[in-house]
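Coordinates in review
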Amino acid sequence: MIEDTRAAVVVTVNVRLTMLYWQIGKRINDEILHGDRAEYGKEIIATLSQQLQNDYGRGFEEKNLRRMIQFFGAFPDMQIVATLSRQLSWSHFRELLPLDKPLQRDFYAEMCRVERWSVRILRQKIDSMLYERTALSRKPEAVAKAELEKLRDEDCMSPDLIFKDPYILDFLGLKDSYLEKDLEDAILREIERFLLEFGAGFTFVARQKRIQIDSEDYYLDLLFYHRKLKRLIALDLKLGRFKAAYKGQMELYLRWLAKYESELDEEPPLGLILCAEGNHEQIELLELGQSGIHVAEYLTELPPKDVLKGKLHDAITRSRLAIENFADNS
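In what follows, the accompanying structure is described. (Residues numbered from 1 in each chain as written. Predicted model: local features only at pLDDT ≥ 70, side-chain atom pairs only at ≥ 80, totals over all residues. Heavy atoms only, no water.)

1. Here we look at the overall build of the protein chain
On a plain count of helices and strands, the protein chain comes out with 15 helices and six strands. Its C-alpha atoms give the protein chain principal-axis dimensions of roughly 80 × 55 × 40 Å. In the protein chain, which comprises 330 residues, the proportion classed as buried is 44%. Carbon and sulfur atoms form 50% of the exposed surface of the protein chain, whose accessible area is close to 18,400 Å². (Helix = DSSP H or I, 4+ residues; strand = E, 2+ residues; numbered from the N terminus. Buried < 20%, exposed > 50% of the residue type's maximum accessible area, 1.4 Å probe, protein only. Areas by Shrake-Rupley, 256 points an atom, 1.4 Å probe, with all protein chains shown as cover.)

2. As for the sheet that holds strand 2 (residues 202-213)
Taken in spatial order, the six strands make up an open sheet running 1-6-5-4-3-2, and their pairing is mixed. Two strands close off the open sheet at either side, each with one partner strand: strand 1 (167-168) and strand 2. Taken together, the five bridges between strand 5 (residues 270-275) and strand 6 (residues 293-299) define a ladder with parallel strand orientation. Paired with glycine 271 across the bridge in strand 6 is isoleucine 293. (Pairing = 2+ DSSP bridges.)

3. Observations concerning the environment of isoleucine 191
Within the secondary structure, isoleucine 191 is located in helix 12 (residues 191-198). Given the relative accessible area of 24%, isoleucine 191 is considered partly exposed. When the C-alpha atoms of isoleucine 191 and phenylalanine 204 are compared, they prove to be 8.5 Å apart, with 13 residues separating the residues in sequence. Discounting chain neighbours no more than four positions away, the residues touching isoleucine 191 are Phe204 and Phe224. (Contact = heavy atoms within 4.5 Å.)

4. A few points about the pattern of salt bridges
Enumeration according to the criterion identifies 19 salt bridges in this entry. Between arginine 66 and glutamate 62 there is a salt bridge; the shortest N-O distance is 2.8 Å. Taken together, the residues arginine 66 and glutamate 62, both in helix 3 (residues 62-74) and four residues apart, mark about one turn of the helix. Overall, arginine 66 belongs to the partly exposed group, its relative accessible area being 32%. A salt bridge links glutamate 277 to arginine 241, with the nearest nitrogen and oxygen atoms 3.6 Å apart. With glutamate 277 in the loop between strand 5 and helix 14 (280-286) and arginine 241 in the loop between strand 4 (231-237) and helix 13 (245-260), this residue pair connects regions lying 36 residues apart in the sequence. You can call glutamate 277 partly exposed: its relative accessible area is 39%. We classify arginine 241 as partly exposed; its relative accessible area is 41%. (Salt bridge = Lys/Arg side-chain N within 4 Å of Asp/Glu carboxyl O.)

5. Remarks on the packing of aromatic side chains
Evaluated as defined, the whole model comprises 18 aromatic pairs. Note on phenylalanine 204 and phenylalanine 224: the rings are 5.9 Å apart at their centroids and 70 degrees apart in plane angle, and the pair reads as edge-to-face. One end of the pair, phenylalanine 204, is in strand 2; the other, phenylalanine 224, is in strand 3 (residues 216-226), and 20 residues separate them in sequence. The exposure class of phenylalanine 224 is buried, given its relative accessible area of 0%. Judged by centre distance (5.8 Å) and plane angle (80 degrees), the rings of phenylalanine 242 and tyrosine 246 are edge-to-face. Note on tyrosine 246: relative accessible area 14%, which makes it buried. In this arrangement the basic side chain of lysine 238 is found over the ring face of tyrosine 246, its NZ or CZ atom lying 4.5 Å from the centre. (Phe/Tyr/Trp six-rings, centres within 6.5 Å; stacked < 30°, edge-to-face > 60°. Lys NZ or Arg CZ within 6 Å of the ring centre and 35° of its normal.)

6. Thoughts on unusual backbone geometry
With an omega of 0 degrees, the peptide bond between aspartate 165 and proline 166 qualifies as cis. Locating proline 166 in the fold gives a position in the loop between helix 10 (159-162) and strand 1. With phi around 55 degrees, methionine 129 is a residue other than glycine that occupies positive phi space. Within the element layout of this structure, methionine 129 appears in the loop between helix 7 (119-127) and helix 8 (130-133).

7. Focus: the packing of helix 1 (residues 2-33) against helix 3
Their axes nearest at 7 Å, the elements helix 1 and helix 3 cross at an angle of 90 degrees. The pairing of helix 1 with helix 3 is recorded here as roughly perpendicular in orientation. Residues Thr18, Tyr21, Trp22, Ile24, Gly25, Lys26, Ile28, Asn29, Asp30 and Leu33 of helix 1 touch helix 3, and the partners they reach there are Leu65, Met68, Ile69, Phe71 and Phe72. Tallied by class, residues from the contact of helix 1 with helix 3 come to ten nonpolar, three polar and two charged. (Axes fitted to C-alpha atoms, helices over the stretch in contact; angles between N-to-C directions. Parallel < 35°, antiparallel > 145°, perpendicular 65-115°, else oblique. Nonpolar A, V, L, I, M, F, W, Y, C, P; charged D, E, K, R; others polar.)

8. Observations concerning the environment of glycine 201
Mapped onto the fold, glycine 201 is located in the loop between helix 12 and strand 2. Sequence separation between glycine 201 and lysine 230 is 29 residues; the distance between their C-alpha atoms is 9.5 Å. Leaving out residues up to four positions away in the same chain, glycine 201 has contacts with Tyr225, His226 and Arg227.

Below you can see the structure in the form of structure tokens.
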């Protein structure tokens, strides 16, 4: 009873405090600045800050008031803020405010709410450029916005929000030369950190899953289940570049899993082929998404942020051009 009451009080205080900061930002913007950000506005904020500190003490310094105005500008919908504040603290919102792209900011806010990230985890996700690594970031803006709205309104998670490219596996401690078995062993040794990189909802099912077809044995590297998607996720590990032959192999695995392993209330299984290097034109021509197959690269060393940023920018541009070309030819 004591712990439940304390937890409820913390939530209530957080919601009220977050909404207070939002309302202060809105009121300063609408009634005092009237949307003006010029020098005159700076003087008003400085004077207002001094008055509030005299009356209410710390917490209303000029930089904090500016942050509250920025908060209102970044999240203008009061109802959305009220919903998010049930899970996100003011410290969470402060991490989100520097993000200048609305879709990027909304993605982190909603994923933080759904997966209950701490402030530290949120900071790590932003630093690792999680949004730019998702399939969602490579979709047209209208499509990405619709998927985020569905997540917000219905808690409906799509594969585009789940799958990433590339996956950062620097924590596995692999050196320059290793075998597929070494990669698989390292993943299982570090399964907790591996699942953290993959995202909440993944559950480990099996290693070297035996698949018997026509008296012939095949072995799937790793099998997971995703609770939100309600699907089995087949994971195949490859050391080199992606090859077109991998598609047929994964399709065989997925059809077998759908026939013999999936429950009646589950969605069809999805496949993820993790390669050391992609083969972008082959992947595009094979239209793997129609088969429920995703291909992603993995990095065993985290590159400098500007290198990763450039790599992701190129991938996003390439994906959007492919989508546009497909639409033009349809």
